[in-house]
Each structure stands twice: as C-alpha cells, then as structure tokens.
Amino acid sequence: MKIMHAFMMAASRGLAMIGGIVLSVVILMTCVSILGRHFSSALNSDMMQTVAPGVATWLLGLGIGPIYGDYELTELGMGFAIFCFLPLCQITSGHARVDIFTAFLRDTTNRWLRLVIEVIFLAAIALIAWRLSVGMTSRMRSGQTTYLLEWPVWWPYAACMAAASVAVIVAVYMVYVRMLEAFGGKDIIGESGEGEH
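The rules behind each value
Residues numbered from 1 in each chain as written. Predicted model: local features only at pLDDT ≥ 70, side-chain atom pairs only at ≥ 80, totals over all residues. Heavy atoms only, no water. Axes fitted to C-alpha atoms, helices over the stretch in contact; angles between N-to-C directions. Helix = DSSP H or I, 4+ residues; strand = E, 2+ residues; numbered from the N terminus. Parallel < 35°, antiparallel > 145°, perpendicular 65-115°, else oblique. Left-handed = near helix turned anticlockwise from the far one by under 90°. Contact = heavy atoms within 4.5 Å. Nonpolar A, V, L, I, M, F, W, Y, C, P; charged D, E, K, R; others polar. Salt bridge = Lys/Arg side-chain N within 4 Å of Asp/Glu carboxyl O. Buried < 20%, exposed > 50% of the residue type's maximum accessible area, 1.4 Å probe, protein only.

Colleague: Quick question: what am I supposed to make of the packing of helix α1 (residues 2–43) against helix α6 (residues 154–184) here?
Modeller: Between two packed helices, what matters for the description is the angle formed by their axes and the separation of those axes. Between α1 and α6, whose axes approach to 11 Å, the crossing angle comes to 155°. Between α1 and α6, the crossing angle belongs to the class labelled roughly antiparallel. Viewed along their axes, α1 and α6 form a crossing whose handedness is left-handed. Counted together, Met 4, His 5, Met 8, Ser 12 and Leu 15 of α1 and Ala 163, Val 166, Ile 169, Val 170 and Tyr 173 of α6 form the full contact between these two elements. The residue inventory of the contact of α1 with α6, partitioned by class, reads eight nonpolar, two polar and no charged.

Structure representation (structure tokens):
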C-alpha cells in the first residue's frame, strides 16, 4: 500500500507541477500582453505621434503590442491547469468542505462519509473525462479551430482529457483506500491523504 500511495502521490504532484508551470506561463504572458497593450496605446497616442513619430513607428514595427491570441491562450492554459491540479487536490483531500457537522461525528461515521464523497467525486470526474473524450472526438471530426490562432480545438480537449484521466485513476485509488478504511475500521492514509498511519 505504501508503494501504491507513493506512486499516486508522485503522479499527482508531477501533474500539479506541470499545471503550475502552465499557469505561471499564462500569468507571465498576460502581464506581457497587458504591458504591450499599454505601450501600444501610448505609442499610438496623439502626443507620441506628434513628438516622436519616427520612434513610435519604429517601436510599433518591432511588434510592441498585445500578444496575438492572448485570450485564446489564456482559456486553453487555464482549462488544462485546472485539470492538472485535480489529482493532487483529490489525494490530499484538498477540496472545499464544511466540517461543522462532521467534526461531531464518530470516526466510523466519518470514514463511511469519506467513502461516499470519494465515490461521488469518482462518478463526477469520470463523467467529465468521458464528456471531454466525446468533445475531443467531435472536434477532431469537425476540424474546428480557434478563432485567432487557428489551432485545432481538439488539442486542449486532449490535454484536459489526459489530465482528467489521471484524476480518474487517483479517484479510483482513493475509493479503494476509503473502502479499506470504512470496512477495516481504521485510517490508512487519514483525512488529509498525506501519508499512511
């Protein structure tokens, strides 16, 4: 069980790292695009065109301005990053929850409640992964592309589906662990999912 948990945790953390890198790139791209948009506006202003039209034209010719397709890149990157964070959030029980009622329940009841929650999450993420695969197949057949960059729309579907598939595998593992806990009457990885007891 320790080896399996270590493997699932490593896969979840690795995918979360990829999601973090993608999210960081999206944030950096957004900042650069906003700065470019402001510089472009300043260079196109009446004052700049009057004071230094040659410099303004030269800088604009270098491509100073917003990043082309920044909204599309943000949409694609954010969607993928969200799915990358799901497995780690699942295995560490990091989803939002309200402990007002469960704090007063017995350990046995909480173990069964955690099992029910894991089964519901597995059903939800499996449904999402399945619908992503259906959407990807549909977009591949239609040849649909993004508006500005003209990238195939199935690419982000495929990326999100891959990350969602890892989330499904982790969710299956968590259902298995919570079943062992509920039927065995003792915590194996605990509520946080961080490690075995």
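Colleague: Please explain the pattern of salt bridges as it appears in this structure.
Modeller: Two side chains carrying opposite charge are able to pair once their charged atoms lie near each other. Throughout the structure, instances matching the rule amount to six salt bridges. For Arg 37, the salt bridge identified is with Asp 70, shortest N-O distance 3.3 Å. Of this pair, Arg 37 sits in helix α1 while Asp 70 sits in helix α4 (residues 70–91), placing them 33 residues apart in sequence. On the basis of relative accessible area, Arg 37 is assigned to the partly exposed category, the value being 32%. Classification of Asp 70 as buried rests on a relative accessible area of 9%. Note that Arg 114 is salt-bridged to Asp 187, the shortest N-O span being 3.0 Å. Of this pair, Arg 114 sits in helix α5 (residues 107–142) while Asp 187 sits in the segment after α6, and the two are 73 residues apart along the sequence. When its relative accessible area of 13% is taken as the criterion, Arg 114 is described as buried. Among the charged side chains, a salt-bridge network with shared partners connects Arg 111, Arg 114, Glu 118, Arg 178, Glu 181 and Asp 187.

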